[in-house]
Amino acid sequence: GFNKILQIMKTQMKFLLFLLFFTSSTLLATAQEEMPSVAGVKIGESYSTCKAKLDKRFNGGKESYPITANELTYRDVTFADEYFDYVKFYFQTDGTVTRLSYIVFTKSFDLADVKYAKEQRDRLFKSYSDKYEVRWDGVNEDDFKYYVLGHDPIKPEDGLIVIKTTKGKNNKGEMKLWTEVSYGPVLLINPTDEI
C-alpha cells in the first residue's frame, strides 16, 4: 500500500516537474522570439553569441578585438542595401550577463552633400516602412526630418527604430552630416533593479 502511494506521488512529481520545465522553456522561447533580429543577432542575445555571429558577418569570419567594453564596432559595412561607415552594437550588463541592447548604423557626409544624406535617410525610411509600422516623424534641432518605426519589445508605446540625419563633429573635430539607423536602446536591465 504505502510504497504504491509513494511510487504514484513520485510519478506525479516527475510529471509536474516536466510540465513546469516545458512551460518555462516555452515561455522563454516565446519571449526571445519577440525580440527584434538585426543583422543576424537578436536584441537581448549575449555578448559572446553576438560577437561570433557579427565577426562572421562583418569581419570576414576573423575575430574582432573590441576597444571598448560592452561595445562592438565594425567599419565599412553594407546593411539594408546601403553603405555605412560603421555600425556599433552596445550591450547592457547586470554584472553576470551582458546582453545586446542598442545598435547604430552610421554614414557620414560632407556638409555640401546635404542632398545625399537626406536621400539615404529617405531610401532607408522607404525600405523600413515596408517591414515596420511607422509610428511618428518630426524635425530635429538641425532642421532635418526623422522617422520612428516599430515597437520597443519591453515598452511597446516607445518606438524601436529611428532613421535620421543630424549635424555634428567627427573625432577629428570636423563638422559633418550623419545619416543613422538606430535600434533601441531596449532597456533589458532596469537600473532600479540594482538598488
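In the block above lies the structure referred to throughout.
These figures come from a predicted structure and were not determined experimentally.

### With respect to the sheet that holds strand 3 (residues 71–79)
Consideration 1: Taken in spatial order, the seven strands of this open sheet run 3-4-5-9-8-7-6, and their pairing is antiparallel. The sheet terminates laterally at strand 3 and strand 6 (134–139), the two strands that pair on one side only. Between one strand and the next, the sheet's axes are offset by a mean angle of 25°, whatever the strand orientation.
Consideration 2: Sheet analysis places strand 5 (residues 98–109) next to strand 9 (residues 175–183), joined by seven bridges and oriented antiparallel.

### A short note on the pairing of strand 9
Consideration 1: In terms of residue burial, strand 9 counts as a mostly covered element, since eight of its nine residues are buried.
Consideration 2: Here nine bridges tie strand 8 (residues 161–169) to strand 9, and the two strands are oriented antiparallel to one another. For Lys-164, the partnering residue across the bridge sits in strand 9 and is Glu-180.
Consideration 3: Between strand 8 and the antiparallel strand that follows it, strand 9, lie five residues; Gly-173 among them carries a positive phi value of about 90°.

### Digging into the pairing of strand 6
Consideration 1: Here five bridges tie strand 6 to strand 7 (residues 145–149), and the two strands are oriented antiparallel to one another. Among the inter-strand pairings, Val-134 is bridged to a residue of strand 7, identified as Leu-149.
Consideration 2: Counted along the chain from strand 6 to the antiparallel partner strand 7, the turn is five residues long, and its residue Asp-143 has a positive phi close to 70°.

### Considerations on the packing of aromatic side chains
Consideration 1: A complete count under the given rule lists 11 aromatic pairs for this structure.
Consideration 2: With a centroid separation of 5.7 Å and an interplanar angle of 40°, the aromatic rings of Phe-58 and Tyr-74 are classed as tilted. Note that Phe-58 is positioned in helix 2 (residues 47–58) and Tyr-74 in strand 3, a separation of 16 residues in sequence. One exposure class covers both Phe-58 and Tyr-74, and it is buried.
Consideration 3: What makes Phe-58 buried here is its relative accessible area of 12%.
Consideration 4: An aromatic cluster of at least three residues, connected via ring pairs, comprises Phe-58, Tyr-74, Phe-79, Phe-84, Phe-89 and Phe-105.

### Notes on unusual backbone geometry
Consideration 1: In this structure, Pro-185 follows Gly-184 across a cis peptide bond, with omega equal to 5°.
Consideration 2: In this fold, Pro-185 is placed in the segment after strand 9.
Consideration 3: In the Ramachandran plot, Asp-76 falls in the positive-phi region, its phi being about 50° despite a non-glycine side chain.
Consideration 4: By secondary structure assignment, the location of Asp-76 is in strand 3.
Consideration 5: Exposure remark for Asp-76: the relative accessible area of 55% places this residue in the exposed category.
Consideration 6: The phi angle at Ala-80 is positive, at roughly 55°, despite the residue not being glycine.
Consideration 7: Looking at the secondary structure, you find Ala-80 in the loop between strand 3 and strand 4 (82–93).

Reading the values: rules and limits
All residue numbers here refer to positions counted from 1 along the written sequence of the relevant chain. The predicted nature of this model means local features are confined to residues of pLDDT at least 70 and side-chain atom pairs, given and counted, to a pLDDT of 80 or more, with totals for whole chains, interfaces and linings taken over all residues. Where side-chain values are given, they derive from all heavy atoms of the structure, hydrogens and water being excluded. Pairing between strands is defined by DSSP: at least two bridges between the two strands are required. Each helix is a run of H or I in the DSSP string that is no shorter than four residues. Each strand is a run of E no shorter than two, and both are numbered from the N terminus. Fitted lines through C-alpha atoms serve as axes, helices being fitted only where they are in contact, and the angles separating the N-to-C directions of these axes extend from 0 to 180 degrees. Relative accessibility thresholds used throughout: buried, under 20% of the residue-type maximum; exposed, over 50%; partly exposed, between the two (1.4 Å probe, protein chains only). Any two rings among Phe, Tyr and Trp, with Trp reduced to its six-membered ring, count as a pair given centres within 6.5 Å; such a pair is stacked if its planes are under 30 degrees apart, edge-to-face if over 60, and tilted if neither.

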